[in-house]
Amino acid sequence: MEKFLPDIYQKSIYTIDYSKLLNHGIKCLLFDLDNTIAPPNTRQVSQKTKDLFISLKQKGFKVIIFSNSLKFRVKHYQKQLDVDAYSNARKPFSGKFQKVMKDYGYNITELAIIGDQLLTDIKGGNKIGITTILVNPISKKDHIYAKITRKIENRIMNKMHENNIFSKGKYYD
Ligand SMILES: [Mg+2]
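Reading the values: the criteria
- Residues numbered from 1 in each chain as written.
- Predicted model: local features only at pLDDT ≥ 70, side-chain atom pairs only at ≥ 80, totals over all residues.
- Helix = DSSP H or I, 4+ residues; strand = E, 2+ residues; numbered from the N terminus.
- Pairing = 2+ DSSP bridges.
- Axes fitted to C-alpha atoms, helices over the stretch in contact; angles between N-to-C directions.
- Contact = placed C-beta atoms within 7 Å.
- Expected span 1.5 Å × (residues − 1).
- Buried ≥ 20, exposed ≤ 12 C-beta atoms within 10 Å, placed from the backbone.
- Arc of directions from axis to C-beta.
- Right-handed = clockwise from strand over helix to strand, strands pointing away.

## Side note on the environment of glycine 95
(1) Moving on: In this fold, glycine 95 is placed in helix α4 (residues 95-104).
(2) Moving on: A C-alpha to C-alpha distance of 27 Å links glycine 95 and serine 12, two positions 83 residues apart in sequence.

Next up, the structure:
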(Lines give C-alpha, C1' and ligand atoms only; values in the text may rest on other atoms or scores of the structure.)
Protein backbone atom coordinates (compact mmCIF):
# COMPACT_ATOMS: atom_id res chain seq x y z
CA MET A 1 0.00 0.00 0.00
CA GLU A 2 2.95 2.34 0.68
CA LYS A 3 3.62 2.46 -3.04
CA PHE A 4 0.47 4.60 -3.34
CA LEU A 5 1.25 6.88 -0.41
CA PRO A 6 2.29 10.40 -1.48
CA ASP A 7 5.15 12.16 0.32
CA ILE A 8 3.12 15.37 0.30
CA TYR A 9 -0.65 15.86 0.03
CA GLN A 10 -2.11 19.27 -0.76
CA LYS A 11 -5.42 20.70 -1.85
CA SER A 12 -4.15 22.02 -5.17
CA ILE A 13 -1.06 23.13 -7.06
CA TYR A 14 -1.60 26.57 -5.48
CA THR A 15 -1.24 25.41 -1.88
CA ILE A 16 2.08 23.56 -2.26
CA ASP A 17 4.99 25.08 -0.35
CA TYR A 18 7.39 25.37 -3.26
CA SER A 19 10.06 27.19 -1.24
CA LYS A 20 10.23 24.19 1.06
CA LEU A 21 10.75 21.93 -1.96
CA LEU A 22 13.61 24.17 -3.09
CA ASN A 23 15.14 23.96 0.37
CA HIS A 24 14.94 20.18 0.19
CA GLY A 25 16.94 20.18 -3.03
CA ILE A 26 14.12 19.72 -5.53
CA LYS A 27 15.13 21.32 -8.83
CA CYS A 28 12.63 19.94 -11.31
CA LEU A 29 8.85 19.75 -11.05
CA LEU A 30 6.94 17.27 -13.18
CA PHE A 31 3.32 18.37 -13.47
CA ASP A 32 0.53 16.05 -14.47
CA LEU A 33 -1.85 17.86 -16.85
CA ASP A 34 -5.43 16.60 -16.67
CA ASN A 35 -7.19 17.47 -13.45
CA THR A 36 -3.93 18.77 -11.96
CA ILE A 37 -3.22 21.84 -14.13
CA ALA A 38 -6.51 21.99 -16.02
CA PRO A 39 -9.85 20.19 -16.20
CA PRO A 40 -9.93 17.40 -18.78
CA ASN A 41 -11.84 17.99 -22.03
CA THR A 42 -11.14 21.71 -22.00
CA ARG A 43 -8.33 23.80 -23.41
CA GLN A 44 -8.51 26.53 -20.82
CA VAL A 45 -5.43 27.96 -19.17
CA SER A 46 -6.25 30.35 -16.36
CA GLN A 47 -4.24 33.45 -15.58
CA LYS A 48 -3.75 32.00 -12.10
CA THR A 49 -2.01 28.98 -13.61
CA LYS A 50 0.10 31.14 -15.89
CA ASP A 51 1.15 33.29 -12.92
CA LEU A 52 2.05 30.23 -10.86
CA PHE A 53 4.22 28.81 -13.61
CA ILE A 54 5.97 32.13 -14.11
CA SER A 55 6.74 32.34 -10.40
CA LEU A 56 8.02 28.75 -10.30
CA LYS A 57 10.41 29.44 -13.14
CA GLN A 58 11.52 32.63 -11.40
CA LYS A 59 12.20 30.62 -8.26
CA GLY A 60 14.62 28.57 -10.36
CA PHE A 61 12.64 25.37 -10.93
CA LYS A 62 12.77 23.45 -14.16
CA VAL A 63 9.06 22.96 -14.87
CA ILE A 64 7.90 20.12 -17.08
CA ILE A 65 4.41 18.95 -18.02
CA PHE A 66 4.49 15.18 -17.68
CA SER A 67 1.26 13.76 -19.01
CA ASN A 68 -0.22 10.51 -20.20
CA SER A 69 -2.32 12.54 -22.65
CA LEU A 70 -1.68 12.80 -26.34
CA LYS A 71 0.79 15.18 -27.92
CA PHE A 72 -1.69 17.65 -29.45
CA ARG A 73 -3.28 18.32 -26.08
CA VAL A 74 -0.06 18.53 -24.13
CA LYS A 75 1.50 20.77 -26.79
CA HIS A 76 -1.26 23.36 -26.33
CA TYR A 77 -0.49 23.67 -22.60
CA GLN A 78 3.22 23.55 -23.18
CA LYS A 79 2.93 26.61 -25.43
CA GLN A 80 0.52 28.48 -23.17
CA LEU A 81 2.63 27.93 -20.07
CA ASP A 82 6.01 28.14 -21.82
CA VAL A 83 7.52 25.01 -20.29
CA ASP A 84 8.96 21.70 -21.51
CA ALA A 85 6.65 18.72 -21.83
CA TYR A 86 6.42 14.97 -22.23
CA SER A 87 3.23 13.46 -23.64
CA ASN A 88 2.29 9.76 -23.64
CA ALA A 89 4.28 9.50 -20.42
CA ARG A 90 2.75 6.09 -19.64
CA LYS A 91 2.72 6.68 -15.90
CA PRO A 92 3.05 4.62 -13.69
CA PHE A 93 5.70 2.98 -15.88
CA SER A 94 9.24 4.18 -15.24
CA GLY A 95 10.49 4.61 -18.79
CA LYS A 96 9.70 8.29 -19.34
CA PHE A 97 10.65 9.25 -15.79
CA GLN A 98 14.05 7.79 -16.53
CA LYS A 99 14.14 9.62 -19.85
CA VAL A 100 13.64 12.94 -18.06
CA MET A 101 16.53 12.18 -15.72
CA LYS A 102 18.70 11.21 -18.64
CA ASP A 103 17.65 14.18 -20.81
CA TYR A 104 18.29 16.78 -18.10
CA GLY A 105 20.82 15.04 -15.86
CA TYR A 106 18.73 15.16 -12.69
CA ASN A 107 18.92 12.47 -10.03
CA ILE A 108 15.96 11.16 -8.03
CA THR A 109 16.51 13.54 -5.10
CA GLU A 110 16.09 16.55 -7.41
CA LEU A 111 12.75 15.55 -8.96
CA ALA A 112 9.17 15.81 -7.78
CA ILE A 113 5.96 14.72 -9.46
CA ILE A 114 2.73 16.60 -8.81
CA GLY A 115 -0.51 14.90 -9.81
CA ASP A 116 -4.07 13.99 -8.91
CA GLN A 117 -3.95 10.22 -9.33
CA LEU A 118 -2.56 7.59 -6.99
CA LEU A 119 -2.43 4.90 -9.66
CA THR A 120 -0.45 6.85 -12.21
CA ASP A 121 1.32 9.92 -10.79
CA ILE A 122 2.01 8.75 -7.25
CA LYS A 123 2.63 5.08 -7.94
CA GLY A 124 4.95 5.96 -10.82
CA GLY A 125 6.90 8.51 -8.81
CA ASN A 126 7.22 6.27 -5.77
CA LYS A 127 8.41 3.40 -7.91
CA ILE A 128 11.49 5.27 -9.09
CA GLY A 129 11.91 7.03 -5.75
CA ILE A 130 11.28 10.70 -6.50
CA THR A 131 9.25 13.04 -4.27
CA THR A 132 5.53 12.52 -4.87
CA ILE A 133 2.89 15.19 -4.34
CA LEU A 134 -0.82 14.43 -4.53
CA VAL A 135 -3.38 17.17 -5.17
CA ASN A 136 -7.15 16.94 -5.39
CA PRO A 137 -8.55 16.62 -8.91
CA ILE A 138 -9.73 20.00 -10.25
CA SER A 139 -12.90 18.61 -11.74
CA LYS A 140 -15.19 15.70 -10.95
CA LYS A 141 -15.12 14.87 -14.63
CA ASP A 142 -12.56 12.28 -15.70
CA HIS A 143 -11.50 10.79 -18.98
CA ILE A 144 -13.07 7.39 -19.60
CA TYR A 145 -9.88 5.56 -18.63
CA ALA A 146 -9.55 7.62 -15.46
CA LYS A 147 -13.08 6.75 -14.39
CA ILE A 148 -12.03 3.14 -13.93
CA THR A 149 -8.80 3.93 -12.12
CA ARG A 150 -10.64 6.43 -9.91
CA LYS A 151 -12.79 3.61 -8.52
CA ILE A 152 -9.71 1.55 -7.70
CA GLU A 153 -8.13 4.67 -6.23
CA ASN A 154 -11.09 5.19 -3.90
CA ARG A 155 -10.67 1.65 -2.64
CA ILE A 156 -6.95 2.22 -2.01
CA MET A 157 -7.70 5.50 -0.22
CA ASN A 158 -10.23 3.75 2.02
CA LYS A 159 -7.69 1.02 2.80
CA MET A 160 -5.02 3.62 3.63
CA HIS A 161 -7.55 5.38 5.82
CA GLU A 162 -8.30 2.14 7.71
CA ASN A 163 -4.56 1.74 8.26
CA ASN A 164 -4.28 5.30 9.58
CA ILE A 165 -1.71 6.36 7.01
CA PHE A 166 -3.89 8.62 4.83
CA SER A 167 -7.18 10.48 5.11
CA LYS A 168 -8.90 12.41 2.35
CA GLY A 169 -8.76 16.13 3.08
CA LYS A 170 -6.08 15.79 5.78
CA TYR A 171 -3.33 17.65 4.01
CA TYR A 172 0.33 17.37 4.97
CA ASP A 173 3.70 18.45 3.63
MG1 LIG B 1 -4.45 13.70 -13.84
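Now that the structure has been shown, we can carry on.
## Let's talk about the sheet that holds strand β2 (residues 28-31)
(1) Moving on: With respect to topology, six strands assemble into an open sheet ordered β1-β6-β5-β2-β3-β4, the strand pairing being parallel. Because the sheet does not close on itself, it has two edges, and the strands there are β1 (8-10) and β4 (84-86). The sheet shows a mean angle of 25 degrees between the axes of neighbouring strands, direction not considered.
(2) Moving on: As defined by bridge partners, β2 adjoins strand β3 (residues 62-66) across four bridges and the pair is classed as parallel. Within the sheet, the bridge partner assigned to cysteine 28 lies in β3 and is lysine 62.
(3) Moving on: This element, helix α5 (residues 118-128), spans β5 (111-115) and β6 (131-135) of the sheet and lies at about 170 degrees to β5.

## Some words on helix α2 (residues 47-59)
(1) Moving on: Over its 13 residues, α2 runs 18 Å from end to end, which matches the ideal 18 Å to within 8%, given 1.5 Å per residue.
(2) Moving on: Inspection of α2 places Leu52, Phe53 and Leu56 among the buried residues, and these make up the whole buried set. Viewed end-on, α2 has its buried residues packed into an arc of 95 degrees, placing them on one side of the element. Residues Gln47, Asp51, Ser55 and Gln58 are exposed on α2 and point more than 90 degrees away from its buried face.
(3) Moving on: Contact partners of the buried residues in α2: α1 (18-23), β2, β3 and α3 (71-81).
(4) Moving on: Looking one or two residues past α2, glycine 60 carries a phi angle of roughly 110 degrees, positive in sign.

## Brief notes about the pairing of β6
(1) Moving on: Summarising burial for β6: five of the five residues are buried, a large majority.
(2) Moving on: Here β6 shows no split at all, with Thr131, Ile133 and Val135 on one side and Thr132 and Leu134 on the other all buried.
(3) Moving on: The sheet contact formed by β1 and β6 spans three bridges and is parallel. Opposite isoleucine 8, over in β6, you have isoleucine 133 as the bridge partner.
(4) Moving on: Bridge count between β5 and β6: four bridges; the pairing is parallel. Note that in β6 the partner of isoleucine 114 across the bridge is isoleucine 133.
(5) Moving on: A crossover connection joins β5 to the parallel β6 through α5; in handedness this β-α-β unit is right-handed.

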